[in-house]
Amino acid sequence: MSGPAIRTQDLSLTLGRTEVLEGITLTVAPGSIHAIVGPNGGGKSSLIRCLLGQMPFRGTVELDWPGAPGRLAYVPQALQFDAGLPMTVLDFLNALDSRRPAFLRPRAATRAHLLRQLEIVGMAGKADRRMGALSGGERQRVLMAQALDPAPDLLILDEPMAALDEAGAALFETILTDLRAKGVTILWIEHDLDAVRRIADHVTALNRRVRFDGAPSHGLTPDRVLDLFSHRGIAA
Ligand SMILES: Nc1ncnc2c1ncn2[C@@H]1O[C@H](COP(=O)(O)OP(=O)(O)OP(=O)(O)O)[C@@H](O)[C@H]1O
Ligand SMILES: [Mg+2]
């Protein structure tokens, strides 16, 4: 298994009268953890939606797979479930994963498989809870479980740790570094800059334009971080 490289060339996005992204030229190396950081409204989620083909951008996006195109998995920033929706965690995973009608209960073998997936994210004990009754962090864990099964070659994560407790965040970092060891390409939007410093190979700071692109140890100095998040902007 080996993930693709991602290349964007002069990517721009205008929504209404707002220039959300401007001239984004970016390379994500295959098999790396590439973090995207930047202030609220800086265009991080929009960039990902462009890569996923959900936004009418200008410029180009290329996914360069080492062989045949592999599997792309995506964990969105937020996904709401109605509190009354009678869909359990297992129903949710089964519906995403199954070729059988979603209203049928999973077979015993499928159930055992899904429980093993939930075990990885520490959620096996809550398999029969309704999705709408989960806390924010529990929901994030379930979304991560669906992204990991079947195993992805490219994993795109939009603030997956935002609602996680300390143990959840530590578990999450281990999952990401294990995936990298298997060659998976990971594009990861994250506000926790310490986590980015710990595990990312490369970081792009985004605020409409690319403000920094390089190694976390160089890019995330206190001065640069202050500039980026105070919206004063820094030299690219
Ligand atoms: N459909 C839309 N129409 C107009 N403007 C939009 C639309 N979607 C997003 N925007 C604007 O684009 C800008 C970038 O939004 P985006 O969600 O990409 O930011 P972000 O970097 O992911 O922020 P956050 O850290 O808060 O998640 C924001 O100013 C937002 O208001
Ligand atoms: Mg966002």
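Reading guide: rules and limits
Residues numbered from 1 in each chain as written. Chains lettered and ligands numbered in written order. Predicted model: local features only at pLDDT ≥ 70, side-chain atom pairs only at ≥ 80, totals over all residues. Heavy atoms only, no water. 1 Å grid on protein atoms, 1.4 Å probe; cavity = no way out; pocket = protein on both sides within 12 Å on 5 of 7 lines; lining within 4 Å. Points joined across faces, edges and corners; volume = space filled by probe spheres on them. Helix = DSSP H or I, 4+ residues; strand = E, 2+ residues; numbered from the N terminus. Nonpolar A, V, L, I, M, F, W, Y, C, P; charged D, E, K, R; others polar. Domains from an automatic or database assignment. Pairing = 2+ DSSP bridges. Axes fitted to C-alpha atoms, helices over the stretch in contact; angles between N-to-C directions. Polar contact = N/O pair within 3.5 Å; in protein donor to acceptor, adjacent residues only side chain to side chain. Contact = heavy atoms within 4.5 Å. Core = buried A, V, L, I, M, F, W, Y, C linked by side-chain atoms within 4.5 Å. Buried < 20%, exposed > 50% of the residue type's maximum accessible area, 1.4 Å probe, protein only. Near = heavy atom within 4 Å. Areas by Shrake-Rupley, 256 points an atom, 1.4 Å probe, with all protein chains shown as cover. Donors = N, O, S within 2.8 Å, 3.2 Å for Na, K, Ca; no water.

Q: How would you sum up empty space enclosed by the protein? Please name residues and give values.
A: Counted by the stated rule, this structure contains two cavities of 30 Å³ or more. Looking at the largest cavity, its volume works out to about 70 Å³. What lines the largest cavity is Val121, Gln140, Arg141, Met144, Pro160, Leu164, Gly168, Leu171, Phe172 and Ile175. Of all the secondary structure elements, the ones that give two or more residues to the lining of the largest cavity are helix H4 (136-147) and helix H5 (166-181). The dominant element in the lining of the largest cavity, judged by the number of residues it contributes, is H5, at four residues. Grouping the constituent residues of the lining of the largest cavity by class yields seven nonpolar, two polar and one charged. Residues lining the lining of the largest cavity come from more than one domain, with at least three contributed by each of domain 1 (1-65 + 153-236) and domain 2 (80-151). Taken as a whole, the second largest cavity holds about 50 Å³ of empty space.

Q: So what's going on with the sheet that holds strand S3 (residues 33-37)? Which residues, and what values?
A: Sheet strands line up and pair through hydrogen bonds in the backbone, either parallel or antiparallel. An order of S5-S6-S7-S3-S8-S9 is seen for the six strands of this open sheet, with the pairing classed as mixed. With one partner strand each, in any of the chains shown, strand S5 (72-75) and strand S9 (209-214) form the two edges of the open sheet. Going from strand to strand, the sheet's axes swing by 15° on average, the running direction of each strand aside. Bridge analysis of S3 against strand S7 (residues 185-189) gives four bridges, and the strand direction is parallel.

Q: Which residues make up the side chain of serine 45, and what values go with them?
A: Of note, serine 45 is situated in helix H1 (residues 44-51). Within the structure, serine 45 has its side chain in polar contact with the side chain of aspartate 158 (distance 2.6 Å). When sequence neighbours within four positions are dropped, the list of residues in contact with serine 45 reads Gln77, Asp158 and Ile189.

Q: Just give me the short version of the nonpolar core, but keep the residues and values in it.
A: If you look at the biggest cluster of nonpolar residues, it comprises 47 residues, and the most contacted ones within it are Met144, Leu155, Leu176 and Trp188. There are two domains that each give this core at least three residues, and those are domain 1 (1-65 + 153-236) and domain 2 (80-151). Discounting residues that sit within four places of it in the chain, leucine 155 has contacts with Ala73, Met144, Ala147, Leu148, Leu176, Leu179, Val184, Thr185, Ile186 and Leu187.

Q: Mind laying out the site of ligand 1, listing which residues take part and the relevant values?
A: The environment of ligand 1 is made up of 13 residues, and the closest members are Gly41, Lys44, Ser45, Ser46 and Gln77. One of the side-chain N or O atoms of serine 46 is found 2.5 Å from an oxygen atom in ligand 1. In the environment of ligand 1, an oxygen atom lies 3.1 Å from a nitrogen or oxygen atom belonging to the side chain of histidine 191. For ligand 1, the protein covers 61% of the area, taking 640 Å² as the surface of the free molecule. For the shell around ligand 1, the element with the highest residue contribution is H1, accounting for three residues.

Q: Break down the pairing of strand S2 (residues 18-28) for me, with residues and values.
A: Side-chain direction in a regular strand flips from residue to residue, so the side chains alternate between the two faces of the sheet. Here strand S1 (residues 5-15) pairs with S2 via seven bridges, running antiparallel. Within S2, the position partnered with arginine 7 by the bridge is threonine 27.

Q: Could you give me a rundown of the coordination of the magnesium ion (ligand 2), with the residues and numbers involved?
A: By definition of the ideal shapes, four donors in a tetrahedron about a metal sit 109.5 degrees apart, and six donors in an octahedron sit 90 or 180 degrees apart. Taken together, the protein ligands of the magnesium ion (ligand 2) are Ser45 (OG) and Gln77 (OE1), with distances of 2.1 to 2.3 Å. Residue serine 45 is found in helix H1, and its partner glutamine 77 is found in the loop between S5 and helix H2 (89-97); the two are separated by 32 residues along the sequence. For serine 45, a relative accessible area of 15% puts it in the buried group. Here glutamine 77 falls in the partly exposed class, since its relative accessible area comes to 39%.

Q: Tell me about H2, residues and numbers included.
A: Considered for burial, the residues of H2 that qualify are Val89, Leu90, Asp91, Phe92, Leu93 and Asn94. Buried residues in H2 make contact with helix H3 (108-120) and H4.

Q: An account of the sheet that holds strand S4 (residues 58-64) is needed here, citing residue identities and associated values.
A: Pairing within the open sheet is antiparallel, and its three strands lie in the order S2-S1-S4. Looking at strand neighbours, the two that pair on one side only are S2 and S4, the edges of this open sheet. For this sheet, the mean angle separating the axes of adjacent strands, direction not counted, is 15°.

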